[in-house]
Amino acid sequence: MHEDLLPSVEAELGFVVPPHGKAFRYVFEPPPGQAADNCQPDPRRVLIADARCAARAPRLGVEGFECVRQVSRVKDFDDEASVVRDYHAECRALVQAMLGASEVIVFDHLVRKRHPAASTLTALGRGQPSAYAGPAGRVHVDYTVASAEKRLRLVLGLDPDADYHQRFAIVNIWRSACGPILDAPLALCDVRSLDRRDLVATELRYPKRTGEIYQLAYNPAQRWSYFNELQADEALVFKQYDGDAGRPRLTPHGAFVHPGTPATAPARQSIEVRCLALFA
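Residues numbered from 1 in each chain as written. Predicted model: local features only at pLDDT ≥ 70, side-chain atom pairs only at ≥ 80, totals over all residues. Heavy atoms only, no water.

### Let's talk about the overall build of the protein chain
- A tally of regular secondary structure across the protein chain gives two helices and 14 strands.
- Taken against the 2.2 N^0.38 rule, which gives 19 Å for 280 residues, the C-alpha radius of gyration of the protein chain at 18 Å falls within 12% of a compact globule.
- Along the first, second and third principal axes, the C-alpha set of the protein chain runs to 55 × 45 × 40 Å.
- Looking at the protein chain residue by residue over its 280 residues, the buried ones come to 52%.
- Once local pairs closer than 6 in sequence are excluded, the contacts in the protein chain between residues at least 24 apart make up 77%.
- Just so you have it, the protein chain exposes about 13,200 Å², and 50% of that area is on carbon and sulfur atoms.
- Each charge class in the protein chain can be summarised by its mean position, and for the 34 positive and 35 negative side chains these summaries are 2 Å apart. (Helix = DSSP H or I, 4+ residues; strand = E, 2+ residues; numbered from the N terminus. Rg over C-alpha atoms; globule rule 2.2 N^0.38 Å. Buried < 20%, exposed > 50% of the residue type's maximum accessible area, 1.4 Å probe, protein only. Contact = heavy atoms within 4.5 Å. Areas by Shrake-Rupley, 256 points an atom, 1.4 Å probe, with all protein chains shown as cover. Lys, Arg positive; Asp, Glu negative; His and termini not counted. Charge placed at Lys NZ, Arg CZ, Asp CG, Glu CD.)

Here's what the structure looks like:
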C-alpha cells in the first residue's frame, strides 16, 4: 500500500443546508428559468477513519456497512453480459449469505468512471461527458422510506397501493472495477451516529419520473470511515434501506478527495449493484 495514504484523514465531505420546503434536484437539464437544485452546498472537513485500523471491523448488522472478500469471475466489468450473468449471481449469493434472506433480486447496477479531464467529484454522480457517471461527492442515501417502498413494488410488479407486510431490505455492493481504489474512495457513516433529523428528503427529478433520496445535513456527532486502498477482490456491502427499524436502516455515503492520493493514481472506476432482499 502507498505510505502516503494515512490511517485516518481529514477531508471534505459534501453536506447540504436543508431548504425551506421540499428539497429537489434536477438530474438532467431543468426547465427554463428553474434552478437545478434548491439545496445550498455545505462542504465540511471531517475526520474519516480508516476502518482497517479499527479495534473491531465494522459489520453490516452494527454500523450498517462491512468490507468482505469477494473474488469475482468477471474480469471486465464493461462486459454487460458477463456482469448480468455472473456478477449478479455472485451478489445474490453474497447478500443471501450475509442477511439470511429467503430471496435476493438484483435490480440495478452502475459502472462509475471518472473522466480523466473532469473534476474528481460530481454532486450526485453525473458529470461531463454524459457517458460517464463520476464519483458522487454529495453525501446521500439512495432511498428514503417512501421511495424504498415504491422500489419494492416496482421490482415485484405489485400494485402501488398493495399491502406488503414482510421485511425487506435494499443493499448495495460496491467495489473497484479496475485495480485498487486510490482515487475518490468511498466514505460511510456509522448509522449509530446518525440523527434522523440529519436526513434531507430530496426529490430527484428526471425527464419522465421523480425519485427520492436522502441528502445529509452536517452533524458533528456523525462518525465516518473508509477502507484504505480497497482491493479488487474486496467489496463494500452497505444498507440503503431496511424495513426492520430495529436494525441499521440507512447508510449515508459519498466519495471524497483523499489528501494522500498519489498524483499518478488512475481515475477511479467502480461498480455498484443494488439488491432487493426478501425475508419469509
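### Some details on the packing of aromatic side chains
- A full pass over the atoms with the stated rule returns ten aromatic pairs.
- Aromatic pair Phe 77 and Tyr 87: ring centres 5.3 Å apart, planes at 80°, arrangement edge-to-face. Placement of the pair is Phe 77 in the loop between strand 4 (65-69) and helix 1 (80-99) and Tyr 87 in helix 1, with a sequence separation of ten residues. No difference in accessibility class separates Phe 77 from Tyr 87, as the two residues are buried. (Phe/Tyr/Trp six-rings, centres within 6.5 Å; stacked < 30°, edge-to-face > 60°.)

### Focus on the environment of Arg 205
- As for its placement among the helices and strands, Arg 205 is situated in strand 9 (residues 199-205).
- Expressed as a C-alpha distance, the spacing of Arg 205 and Pro 43, which sit 162 residues apart in the sequence, is 23 Å.
- With residues near it in sequence (within four places) discarded, Arg 205 still touches Phe 24, Arg 25, Tyr 26, Val 27, Phe 28 and Thr 210.

### Topic: the sheet that holds strand 5 (residues 103-113)
- Here we have five strands laid out as an open sheet, ordered 4-12-7-14-5, and antiparallel in their pairing. The sheet terminates laterally at strand 4 and strand 5, the two strands that pair on one side only. The average angle at which neighbouring strand axes cross in this sheet is 25°, direction not considered.
- Where strand 7 (residues 168-176) lies against strand 12 (residues 234-242), six bridges are found, and the strand directions are antiparallel. Paired with Ile 173 across the strands is Val 237, a residue of strand 12. (Pairing = 2+ DSSP bridges. Axes fitted to C-alpha atoms, helices over the stretch in contact; angles between N-to-C directions.)

### Observations regarding the pattern of salt bridges
- Counted according to the given criterion, the structure contains 25 salt bridges.
- Put simply, Arg 153 and Glu 149 hold a salt bridge, and the shortest N to O gap is 2.9 Å. In this pair, Arg 153 and Glu 149 are both assigned in helix 2 (residues 145-156), four residues apart and thus about one turn of the helix distant.
- By relative accessible area, Arg 153 is classed as buried at 12%. (Salt bridge = Lys/Arg side-chain N within 4 Å of Asp/Glu carboxyl O.)

### Some thoughts on the pairing of strand 10 (residues 210-216)
- Most of strand 10 is tucked away: six of the seven residues are buried.
- As paired elements, strand 6 (residues 140-141) and strand 10 share two bridges and run antiparallel to each other. Looking across to strand 10, one finds that Val 141 is bridged to Tyr 214.

### Comments concerning unusual backbone geometry
- Positive phi values are uncommon outside glycine, yet Ala 184 reaches one of about 50°.
- Along the chain, Ala 184 turns up in the loop between strand 7 and strand 8 (186-189).
- Phi is positive for Glu 229, close to 50°, though the residue is something other than glycine.
- Mapped onto the elements, Glu 229 comes out in the loop between strand 11 (224-226) and strand 12.
- Given the relative accessible area of 8%, Glu 229 is considered buried.

### A few points about the environment of Pro 207
- Within the secondary structure layout, Pro 207 lies in the loop between strand 9 and strand 10.
- Using a relative accessible area of 67% as the deciding quantity, one classes Pro 207 as exposed.
- Separated by 180 residues in the primary sequence, Pro 207 and Val 27 place their C-alpha atoms 8.4 Å from one another.

### A look at the side chain of Asp 190
- Note that Asp 190 resides in the loop between strand 8 and strand 9.
- We classify Asp 190 as buried; its relative accessible area is 7%.
- Not counting chain neighbours up to four residues away, the residues in contact with Asp 190 comprise Glu 63, Phe 65 and Arg 223.

### Points about the nonpolar core
- Core analysis: the biggest nonpolar cluster contains 28 residues, and Leu 13, Ile 48, Phe 168, Ile 170, Trp 224 and Phe 256 have the highest contact counts within it.
- Elements that contribute at least two residues to this core include exactly strand 1 (8-17), strand 3 (40-50), helix 2, strand 7, strand 8, strand 10, strand 11 and strand 14 (269-278).
- With four residues, strand 1 is the largest single contributor of residues to this core.
- Ranked by size, the runner-up nonpolar core spans 24 residues in total, among them Val 68, Tyr 87, Ile 173 and Ala 177. (Core = buried A, V, L, I, M, F, W, Y, C linked by side-chain atoms within 4.5 Å.)

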